[in-house]
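Observations on the model geometry
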Amino acid sequence: MAKNTKLSQDDFGVLACCAIRYCQGRQTYMPDLVRSIITPHLSEISDKDLQVMINDCEYQANFDLYGSETIDKPGWLQWKRTLIDEQNRRKEQA
């Protein structure tokens, strides 16, 4: 990618999905940091990539990958709620 080139919606969505997947199962500051960077830009993520991130949250739940019950899990559950709220907002606007 050329210097100072703006990311396309598809590229941003892929990057966001990759960053979230990197954070799964990590019990560090990184999941919270990545979620806080992506959240204000959810409207810029395609419906497909939004669904991928919701599916990834469900995968984490199914395989108990949320991390600490008191530290990590609440953040992931809030993230999933945020994604679902964005999905519902889009459905209401359609």
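**A word on the pattern of salt bridges**
- Here the structure, examined in full by the defined rule, presents 8 salt bridges.
- One salt bridge connects R35 with D32, and the closest N-O pair in it is separated by 3.9 Å. Taken as a pair, R35 and D32 lie in helix α2 (residues 30–38) at a separation of 3 residues, close to a single helical turn.
- Put simply, R89 and E86 hold a salt bridge, and the shortest N to O gap is 2.6 Å.

**Re the packing of aromatic side chains**
- All chains considered together, the criterion is met by 1 aromatic pair.
- For the pair Y59 and F63, a centre-to-centre distance of 4.8 Å together with 40 degrees between the ring planes defines the contact as tilted.
- Above the face of the Y22 ring, R26 is positioned so that its terminal group lies 3.9 Å from the ring centre.
- If you follow R35 out to its NZ or CZ, it ends over the ring of W76, 4.5 Å from the centre.

**Here's the deal with the packing of α2 against helix α4 (residues 73–93)**
- The interhelical angle for the contact between α2 and α4, taken along N-to-C directions, is 20 degrees, at an axis separation of 10 Å. Taken together, α2 and α4 sit at an angle that is classed as roughly parallel. Between α2 and α4 lies a crossing of left-handed hand. The residues of α4 that touch α2, namely those facing P31, R35 and I38, are G75, W76 and W79.
- Class assignment for the residues of the contact of α2 with α4 results in 4 nonpolar, 1 polar and 1 charged.

Parameters at a glance
- Residues numbered from 1 in each chain as written.
- Predicted model: local features only at pLDDT ≥ 70, side-chain atom pairs only at ≥ 80, totals over all residues.
- Heavy atoms only, no water.
- Salt bridge = Lys/Arg side-chain N within 4 Å of Asp/Glu carboxyl O.
- Helix = DSSP H or I, 4+ residues; strand = E, 2+ residues; numbered from the N terminus.
- Phe/Tyr/Trp six-rings, centres within 6.5 Å; stacked < 30°, edge-to-face > 60°.
- Lys NZ or Arg CZ within 6 Å of the ring centre and 35° of its normal.
- Axes fitted to C-alpha atoms, helices over the stretch in contact; angles between N-to-C directions.
- Parallel < 35°, antiparallel > 145°, perpendicular 65-115°, else oblique.
- Left-handed = near helix turned anticlockwise from the far one by under 90°.
- Contact = heavy atoms within 4.5 Å.
- Nonpolar A, V, L, I, M, F, W, Y, C, P; charged D, E, K, R; others polar.

Any functional reading would require information beyond the geometric quantities listed.
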